[in-house]
Amino acid sequence: MDRSLRVVLAEDSVLLREGLIGLLSRCGHEVVAAVGDAQALVAAVEEHTPDIVVTDVRMPPGFQDEGLHAAVRLREKRPALPVLVLSQYVQRTYAAELLDSGDGSGVGYLLKDRVGQVEQFVDALGEVADGGTVVDPEVVRQLLRRRRDPLERLTPREREVLALIAEGKSNGAIARELVVSEAAVGKHIGNILTKLDLPPADETHRRVLAVLAYLRA
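Each chain carries its own residue numbering, running from 1 in the direction its sequence is written. Reporting of local features is limited, given that this is a predicted model, to residues whose pLDDT is at least 70; pairs of side-chain atoms are given and counted only at 80 or more, and all residues count toward the totals for whole chains, interfaces and linings. For the side-chain quantities, the full set of heavy atoms in the structure was used; hydrogens and water were omitted.

## Observations concerning the domain arrangement of the protein
Now for step 1: Taken domain by domain, the protein holds domain 1 (6-144) and domain 2 (150-216).
Now for step 2: All domain edges in this entry derive from an automatic or database-based domain assignment. Relative to domain 2, the C-alpha centre of domain 1 lies at a distance of 36 Å.

## Remarks on the side chain of Thr-55
Now for step 1: With respect to the secondary-structure elements, Thr-55 resides in strand β3 (residues 52-55).
Now for step 2: Categorising residues by exposure relies on relative accessible area from a 1.4 Å probe, with only protein chains included: less than 20% of the type maximum marks a residue as buried, more than 50% marks it as exposed, and the intermediate range marks it as partly exposed. Look at Thr-55 and you get buried, because its relative accessible area is 2%.
Now for step 3: Excluding residues that lie within four positions of it along the chain, Thr-55 makes contacts with Ala-10, Leu-41, Gly-67, Ala-71, Val-83, Leu-84, Val-85 and Leu-86. By the criteria applied, helices consist of DSSP H or I runs no shorter than four residues and strands consist of E runs no shorter than two, each listed in order from the N terminus. Pairs of residues are marked as contacts when any of their non-hydrogen atoms sit within 4.5 Å.

## A short note on the nonpolar core
Now for step 1: Among buried residues, the Ala, Val, Leu, Ile, Met, Phe, Trp, Tyr and Cys ones that are joined through side-chain atoms within 4.5 Å form a nonpolar core. Among the nonpolar cores identified, the biggest contains 32 residues, and Val-8, Leu-41, Leu-68, Leu-98 and Tyr-109 are the most heavily contacted of them.
Now for step 2: Listing elements by their share of this core, those giving two or more residues are β1 (6-10), β2 (30-35), α2 (38-48), α3 (66-77), β4 (83-87), α4 (92-100), β5 (107-111) and α6 (137-147).
Now for step 3: Aside from chain neighbours lying at most four places away, what touches Leu-68 is Asp-56, Val-57, Val-85, Gln-91, Tyr-94, Ala-95, Leu-98 and Tyr-109.

## Focus: the pairing of β5
Now for step 1: Within β5, five of the five residues are buried, which leaves the element mostly enclosed by the surrounding structure.
Now for step 2: With burial as the criterion, each face of β5 is covered, one bearing Val-107, Tyr-109 and Leu-111 and the other bearing Gly-108 and Leu-110.
Now for step 3: Between any two strands, at least two bridges found by DSSP are needed for them to pair. Relative to β5, β4 is paired through five bridges, and the arrangement is parallel. Opposite Val-83, over in β5, you have Val-107 as the bridge partner.
Now for step 4: Traced from β4 through α4 to β5, the parallel crossover comes out right-handed.
Now for step 5: Pairing analysis gives three bridges linking β5 to strand β6 (residues 133-135), with the strands arranged parallel. Across the sheet, Val-107 pairs through a bridge with Thr-133, a residue of β6.
Now for step 6: For a crossover, the right-handed case is the one in which the path from the first strand over the helix to the second runs clockwise, viewed with the strands pointing away from the viewer. In this fold, β5 hands off to helix α5 (residues 118-129), which returns the chain to β6; that crossover is left-handed.

## Brief notes about α4
Now for step 1: Along α4, the positions that sit buried rather than exposed are Arg-92, Tyr-94, Ala-95, Ala-96, Leu-98 and Leu-99.
Now for step 2: Downstream of α4 by a residue or two, Gly-102 has a phi angle that is positive, lying close to 60°.

## Notes on the UniProt feature "modified residue: 4-aspartylphosphate" (unreviewed entry) in the protein
Now for step 1: Per the UniProt annotation, the sites labelled "modified residue: 4-aspartylphosphate" (unreviewed entry) are Asp-56.
Now for step 2: Assignment of secondary structure puts Asp-56 in the loop between β3 and α3.
Now for step 3: For Asp-56, a relative accessible area of 6% gives the class buried.
Now for step 4: Discounting residues that sit within four places of it in the chain, Asp-56 has contacts with Ala-10, Glu-11, Asp-12, Gly-67, Leu-68, Leu-86, Ser-87, Gln-88 and Lys-112. UniProt positions are given in the numbering used here, feature names are shortened, and annotations may be inferred rather than shown by experiment.

## Re the packing of aromatic side chains
Two aromatic rings, taken as a pair, are described by how far apart their centres are and by the angle between their planes.
Now for step 1: Think of it this way: a Phe, Tyr or Trp ring, Trp meaning its six-membered ring, pairs with another when their centres are within 6.5 Å, and the plane angle makes it stacked under 30 degrees, edge-to-face over 60, tilted otherwise. In the structure shown here, the tally under the stated rule is zero aromatic pairs.
Now for step 2: Counting as a charge over the ring demands two things of the Lys NZ or Arg CZ atom: a distance within 6 Å of the ring centre and an angle within 35 degrees of the ring normal. Its guanidinium or amino end placed over the ring of Tyr-89, Arg-58 lies 3.6 Å from that ring's centre, counting from NZ or CZ.

## Things to note about the packing of α3 against α4
Now for step 1: Orientation is described by lines fitted to C-alpha atoms, with helices fitted over the stretch in contact, and by angles between N-to-C directions that extend from 0 to 180 degrees. Following both chains from N to C, one finds α3 and α4 inclined at 25°, their axes separated by 9 Å at the closest point. On the basis of their axis angle, the class for α3 and α4 is roughly parallel. In the crossing of α3 with α4, the sense of the turn from one axis to the other is left-handed. Between α3 and α4, the residues in contact are Leu-68, His-69, Ala-71, Val-72 and Arg-75 and Tyr-94, Ala-95, Glu-97 and Leu-98, respectively.
Now for step 2: Three classes are used: nonpolar for Ala, Val, Leu, Ile, Met, Phe, Trp, Tyr, Cys and Pro, charged for Asp, Glu, Lys and Arg, and polar for all others, with Gly counted as polar. Its residues placed into classes, the contact of α3 with α4 shows six nonpolar, one polar and two charged. Any angle that falls under 35 degrees is termed roughly parallel, while one over 145 is termed roughly antiparallel, one within 65 to 115 roughly perpendicular, and all others oblique. Left-handed is the label given to a crossing in which the near helix is rotated counterclockwise from the far helix by less than a right angle, and right-handed is the label when the rotation is clockwise.

Structure, rendered in structure tokens:
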């Protein structure tokens, strides 16, 4: 594309942020704001009404999904706002929400490590700004995996353990019912949480999420 874009950039890494500012400027675009956290991203968009937002996923304070969550919120307010996510990670919940936002146009999700050439990034920026959709194939693969039955990866025994968890039974009660050791139950639960893509966090919270997955399937 030939037109100059007004860009709001959100990236917590100072070196990468400055590098992107230089790259975008050399390509004829204007970075009207460059910020390092999600709250500042929302404020910058409200102040500058840019042509496109480029944002990372993980940002302060929690370094979880703050940038992507902010992008989803911005698209809720302005469905036509083009957003290009540039990240190392696929945050599947909010990625799906972002790609479903508005009418699905003017969104992109690229993985930093898989952008092989500067021209690839610049072309994606222009395409998203013009209302197109650009999504890395790896992002698509992970989103499709999320939409399949999340329990299909569990063994019959793991499904049995998960069903007992859903009944509110403790590890000890599960062990007694299945006539196995508590250590074996703990190992099954660890496998269940891994296969359901529930990363290490508060153990009780992960068990609740596993039960919700079981009930939805």
